[in-house]
Amino acid sequence: MTEPNTAPRNPDEQPHDEPSHQKTKRRWPRVLGISVLAFVLFVATFGILFSRYSVRRAFPQVDGTVTVAGLSGEVEVIRDSLGIPHIYADTTEDLFMAQGYVHAQDRFFQMDFWRHIAAGELSEMFGDSQVETDAFLRTLGWGRLAQQQYEAESSEGKAVLDAYTTGVNRYVESQSPSDLSFEYSIIEPLNHGYDPGPWVPADSLGWGKAMAWDLGGNMGAEIDRARLLSVLPPERVAQLSPPFPYDRHPTITAVGGAGDESDGPAFTVPAAASYAIDSAAEGVAAINELLQTGLDSDIGSNSWVVSGEHSPTGSPLLANDPHLGSQMPSIWYQVGLHCRVVSPDCPYDVTGFSFAGVPGVIIGHNNDIGWGFTNTGPDVQDLFVEKVNPDNPNQYEVNGEWVDMEIRTETIDVAGGDDVTIEVRHTRHGPVISGVFEAVDELPSPGFNAPEPYVVTLRWTGLDETPSILTPILALNTASNWEEFQAAAETFAVPAQNLLYADRAGNIGYQMPGRVPIRATGDGTLPVPGWTDDHEWIDYIDFDELPNVLNPDSGWIVTANNAVVDESFPYDITYDYAMGYRAQRIVDLLTSNLGIGIEGFATLQFDSYDLNAAYILPYLENALVVEGFDANDQQQDAINHLFRWDLQNFAGSTGAAVWNAFWSNLLLHTFEGDIPEDSLPAGNGRWFEVMRGLLDIPDDPFWDDPTTGEIETRDVILVESFVLAVEELDAELGSTVSDWRWGDLHTITFQNQTLGDSGIGLIEDRFNRGPYPASGSKAMVNAVGWTVTEGYEVDWLPSMRMVLDLSDWSNSTAVHTTGQSGHVDHPHYDDMIQPWLAGETYPMLWTRDEIDDDAEAVLILQP
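Everything quoted here is computed from the prediction, not taken from an experiment.

### Comments concerning the sheet that holds strand β29 (residues 800-805)
No. 1: The strand order across the open sheet formed by 6 strands is β24-β4-β5-β29-β30-β31, and the pairing between neighbours is antiparallel. Every other strand in the sheet has two partners, leaving β24 (556-559) and β31 (842-843) as the edge strands with one partner each.
No. 2: Here strand β4 (residues 302-306) runs beside strand β5 (residues 317-321); their pairing, made up of 5 bridges, is antiparallel. Residue pairing in the sheet places valine 305 in a bridge with leucine 318 of β5.
No. 3: Docked against the sheet, helix α17 (residues 598-605) engages β4, β5, β29 and β30 (813-816), running at close to 155° with respect to β29.

### A few points about the state of the cysteines
No. 1: Taken as a whole, this structure holds 1 disulfide when the rule is applied.
No. 2: Each sulfur of the disulfide joining cysteine 339 and cysteine 346 lies 2.0 Å from the other. Since a negative S-S torsion denotes a left-handed disulfide, the cysteine 339-cysteine 346 link at about -85° is left-handed. An identical accessibility class is assigned to cysteine 339 and cysteine 346; each is buried.

### Comments concerning the packing of aromatic side chains
No. 1: Counted according to the given criterion, the structure contains 36 aromatic pairs.
No. 2: Relative to phenylalanine 688, the ring of tryptophan 663 has its centre 5.5 Å away and its plane inclined at 75°; by these criteria the two rings are edge-to-face. Here tryptophan 663 is found in helix α20 (residues 654-671), whereas its partner phenylalanine 688 is found in helix α21 (residues 685-695), with 25 residues between them in sequence. The exposure classification of tryptophan 663 matches that of phenylalanine 688, with both residues buried.
No. 3: Connected via pairs of aromatic rings, a cluster forms that spans Tyr581, Trp659, Phe662, Trp663 and Phe688.
No. 4: Note that arginine 236 overlies the ring of phenylalanine 702, its terminal NZ or CZ placed 3.9 Å from the centroid.
No. 5: Sitting above the plane of the tyrosine 615 ring, arginine 692 keeps its charged end 3.8 Å from the centroid.

Conventions and cut-offs
- Residues numbered from 1 in each chain as written.
- Predicted model: local features only at pLDDT ≥ 70, side-chain atom pairs only at ≥ 80, totals over all residues.
- Heavy atoms only, no water.
- Pairing = 2+ DSSP bridges.
- Helix = DSSP H or I, 4+ residues; strand = E, 2+ residues; numbered from the N terminus.
- Contact = heavy atoms within 4.5 Å.
- Axes fitted to C-alpha atoms, helices over the stretch in contact; angles between N-to-C directions.
- Disulfide = S-S within 2.5 Å.
- Buried < 20%, exposed > 50% of the residue type's maximum accessible area, 1.4 Å probe, protein only.
- Phe/Tyr/Trp six-rings, centres within 6.5 Å; stacked < 30°, edge-to-face > 60°.
- Lys NZ or Arg CZ within 6 Å of the ring centre and 35° of its normal.

Structural measurements only, silent on function.
Structure below.
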């Protein structure tokens, strides 16, 4: 048997300790408006106390015995050498109370921040800088929906949420804010008297809404296409929005898929309404930045499973690595939840990855089954352009009649300032999201001096009354076979995920869950008129009709955000799948290396091979010849490195540095001046397909640079882009080509979501870690992403990597990005960063003996 055909992990190809240069840093929104003077006075006053006592006082007690009121029996919390807690209890309520307690010990500030996002209450923490963001979040109404979900929760779900909430509050009540987390010591002089307040069950469900938005659909693509249609004819917009390449790349299942043809002519947004689209886009962008996502179709994840037929153990192997925005601390918190005696009254024996603030295990395994997630990305978001009554802005048109909007009032509590009251308007389609973050009349609108009689509303399954995320998670945690797994999946409404499955009996499977709308007309790719019934959602695809597969003849299943089904499927799932480059590479490696084991799977997860470069480099090579390019010594050296490159984007690679600089310059040189700035290429798989189409048309108008007065063709632009790339690398990394390293451009900084972008270096340095050189790139298996228009710095990544061995759970491995602890300077704050960067993993401990042998600390929680 052979290992995957990937380049070896040569030490010279691994990240260096420090990059020599760095591209312009992407800045997340500054949620903390700190006065520099106030900070300087604070540091001068407290000095050493600030840097040592205030930090370490927040480290939780992890050894000994603690009394926790409400427990019915003794609970053991065994933390292993990585700080991962393994919790043992006799009852379900005690188990989840302990999980809440432990989450609060290690991550309460993260939990507190996340619940303020979900509730639209950031101004309560950070003052008036967040009022507009809160207004948009209140408009979406995640907090209200979370409370409704709690009220509709089953008795079992409520019992778990109530127990978890009690555990969180028992810890919070025992600490002052500064003892909970060092961040509160920073906030205190700027928001004196801030009190986090008690946790409530809806706080745990609110984060599910935020994640549903993060993984929610194609709204960004919808806005982008609308903007492009305002400046380009439909046929040129079609070039920039190609369909999934069904003829070249694999689908997840054998049949079915969204067709790539619309049901009717594209709706052109009226010129007057384009400003409402822009206004809505402002709010959407602000929330995406806050959650550290761009709704990029390449953000989604990899997972694959093989049957025992293709495994050295004779049992299935399952791999998963979800792609999410980078942050500090990690979005994941690893945990084991174990009933000492598994029974119907205490059915949990599960380990894996959780969200701090949410009970249960999101991804992982129990004693019988293992599972992983990737994002399906179904089109479950539609933007409706509504006509508003010019004489009454609270009325909108429905089939020729004016109808009153539903209006509710929201009051935003602003730290250090007066409360702000807003009105939230709803039509039959959903909330009005234009004119919220930024008023329509404040946007650039030549020829218009007042808001036009249009608004934009959002129709999204995430705003419907659906089961909470807790319902499927608890069911997955206790499922023991395929039938129970499918029953859990049926309750998974939002966000729809590709669920991958394996069990100890040897079965492998895939299920797509979720509420996916059926539209009267249209395919959801563009904003649509809301004043008729032509584009209404008339139903949802029945769960029994959603794609699934059990034990395929091939003996393997691969999901990487590629098309779920082919074009014969009777319903539209989405037009905006990832383009299948990651899926194709995984299939190629799996099918040529059937029989590889756990180590081979981990190597495959780190594969950084560039299929896009493999396709485009022959065109560049030909252009250099056709154009008679007379290279200077530096350019020739760069050419030599580029065309001898093994196509692996490892941090230490010179060829990868040259290629990615060329790719970036090629996109910008080709499209700047042709399309709006907001629509310039991100550089992901969509743009791989766009460029692939253009390369076959040497005289396509997109090749022409409108600024030169001459007509450029493909080969000219290819050569000029190479020259620009070398000039950029010379300026960034120096004149010696052999010193150029991809990791010197492609760096990652794990950034605290609040204080990590305060604008004050001393605070940022305290909380952030990095920059580190990083391997990987866009639309490859090791999908460590960056955005062409913002530089080469990493903005999303494999947030964890996991491989499950169904023959022996103890052989399973994992890693996530930073560490278990959310406490700055704690030993487990950043101890996973270097292993993650190098593609290394650690054992996922399972048996009690293994856990006891690796125990770093044992905390007994007693009634």
